[in-house]
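# Report on the structure
Letter by letter, the chains look like this.
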Amino acid sequence: MFAYVKGKLAYKDPTFVIIDIQGVGYEIKISLNTYSKIKDEEQCKLFTYFHVKEDIQVLYGFADEAEKKLFTLLISISGIGPSIGLMFLSSLSPSEIINAIATENVATIQGVKGVGAKTAQRVILELKDKVGKESADMAGGNITSSSINTIRNEALAALVTLGINKAAAQKSIDKILKNSEGQISLEELIKLALKAA
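Starting from 1, residues in each chain are numbered consecutively following that chain's sequence as written. Local features in this predicted model are restricted to residues whose pLDDT is 70 or higher, and side-chain atom pairs enter the listing and the counts only when it is 80 or higher, whereas totals over whole chains, interfaces and linings include all residues. Excluded from the side-chain calculations are hydrogens and water; all other atoms, namely the structure's heavy atoms, are used.

### Some points on the environment of Asp13
In this text, helices come from DSSP runs of H or I with a minimum length of four residues, and strands from runs of E with a minimum of two, each type numbered from the N-terminal end. On the secondary structure map, Asp13 appears in the loop between strand E1 (4-12) and strand E2 (16-21). A sequence separation of 19 residues divides Asp13 from Leu32, and the C-alpha atoms of the two residues are 9.3 Å apart. A contact between two residues is defined here by any heavy atoms of the two lying within 4.5 Å. Excluding residues within four positions of it along the chain, Asp13 makes contact with Ile30 and Tyr35. A distance of 2.6 Å separates polar atoms of two side chains, one belonging to Asp13 and the other to Thr15. Any pair of N or O atoms that falls within 3.5 Å is considered a polar contact. Within protein, one atom must be able to donate a hydrogen and the other to accept it, and sequence-neighbouring residues count only if both atoms are side-chain atoms.

See the structure below:
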């Protein structure tokens, strides 16, 4: 239905954005990978996937067509819905996902929250041939420094939005921040906390 949306970034969060297009705000769920690419933009173009199920209508957005294609491949697998598809792209970069599938690294795929051993094996079995044709060079994004408190609060909000228990998320975040001595980006903090949760 929607191939892409292009407009002013009215609101940015690690899990969703609101894009203003001629006075209409479109709420679009995004991955951490997409957030890292658009967080410093005023205007942006997101390639979209429109998900409709019974009483739910959700728009998912991606910084590039390659990430959108990977998302649609992931959700084509039985047992993986859009939420887990987004969790994949928030826990791992597209190139890490493709590499894990190509090398049959079950442990890496199973490290994504909500993915069990059987689902991880199904991902590899069903997508190995398809992702072999994909470019592994889909990752990127510049790290900009921010105050630790802001990063901590944004990471906590993102993890809670992704369905992680608030107390468990706080514990993981605090432990990671202590070990990193404050030298960590928001994206990396969320990825590490997702793996620890």
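Having seen it, we continue.
### Some words on helix H2 (residues 65-75)
Burial here depends on accessible area, computed with a 1.4 Å probe over protein chains only, as a share of the maximum for the residue type. Under 20% is buried, over 50% is exposed, and the range in between is partly exposed. Along H2, the residues classified as buried are Glu67, Leu70, Phe71, Leu73, Leu74 and Ile75. On its buried face, H2 sits against helix H1 (32-38), strand E4 (43-53), strand E5 (56-62), helix H3 (82-91), helix H4 (94-102) and helix H6 (117-131). Put simply, Asp64 is the residue that caps the front of H2, since its side-chain oxygen is 3.3 Å from the backbone nitrogen of Ala66.

### Notes on the packing of H4 against H6
Orientation is described by axes fitted as lines to C-alpha atoms, over the contacting stretch for helices, and by angles from 0 to 180 degrees between their N-to-C directions. It is at 8 Å that the axes of H4 and H6 come closest, and there the two elements cross at 110°. Judged on the interaxial angle alone, H6 and H4 are roughly perpendicular. Residues Ile98, Ile101 and Ala102 of H4 lie in contact with H6, whose contacting residues are Val123, Ile124, Leu127, Lys128 and Val131. Of the residues assigned to the contact of H4 with H6, the class counts are seven nonpolar, no polar and one charged. Angles are sorted into four bins: roughly parallel if under 35 degrees, roughly antiparallel if over 145, roughly perpendicular if 65 to 115, and oblique for all others. Each residue receives one of three labels: charged for Asp, Glu, Lys and Arg, nonpolar for Ala, Val, Leu, Ile, Met, Phe, Trp, Tyr, Cys and Pro, and polar for the others, Gly being one of them.

### Here's the deal with the sheet that holds E4
With mixed pairing, the five strands of this closed barrel are ordered in space as E1-E2-E3-E5-E4. Averaged over all neighbouring strand pairs, the angle between strand axes comes to 55°, with direction disregarded. Two strands make a pair as long as DSSP finds a minimum of two bridges between them. Two strands pair when backbone bridges link them, and E4 and E5 are joined in this way by seven bridges, in the antiparallel orientation. The partner of Lys53 across the bridge, within E5, is Ile56. Packed onto the sheet, H2 meets E4 and E5 and runs at close to 15° relative to E4. Running at roughly 20° to E5, H3 makes contact with strand E3 (24-30), E4 and E5 of the sheet.

### Comments concerning the confidence of the model for the chain
Confidence of the predictor at the level of single residues is given by pLDDT, which spans 0 to 100. Confidence in the prediction for the chain averages 85 pLDDT; 90% of positions are at 70 or higher. Of the regions scoring below 50 in pLDDT, residues 134-146 engages in 23 contacts with residues more than four places distant in sequence or in other chains.

### Overview of the pattern of salt bridges
Side chains that carry opposite charge are capable of pairing whenever their charged atoms lie near each other. Salt bridge, as used here, is a side-chain nitrogen of Lys or Arg placed within 4 Å of a carboxyl oxygen of Asp or Glu. Using the criterion set out here, one finds four salt bridges in the structure. Between Lys37 and Asp64 there is a salt bridge, and its shortest N-O distance comes to 2.9 Å. Of the two residues, Lys37 sits in helix H1 while Asp64 sits in the loop between E5 and H2, which places them 27 residues apart along the sequence. On the basis of relative accessible area, Asp64 is assigned to the partly exposed category, the value being 22%. Among the salt bridges present, the one from Glu187 reaches Lys39, with a minimum N-O distance of 3.1 Å.

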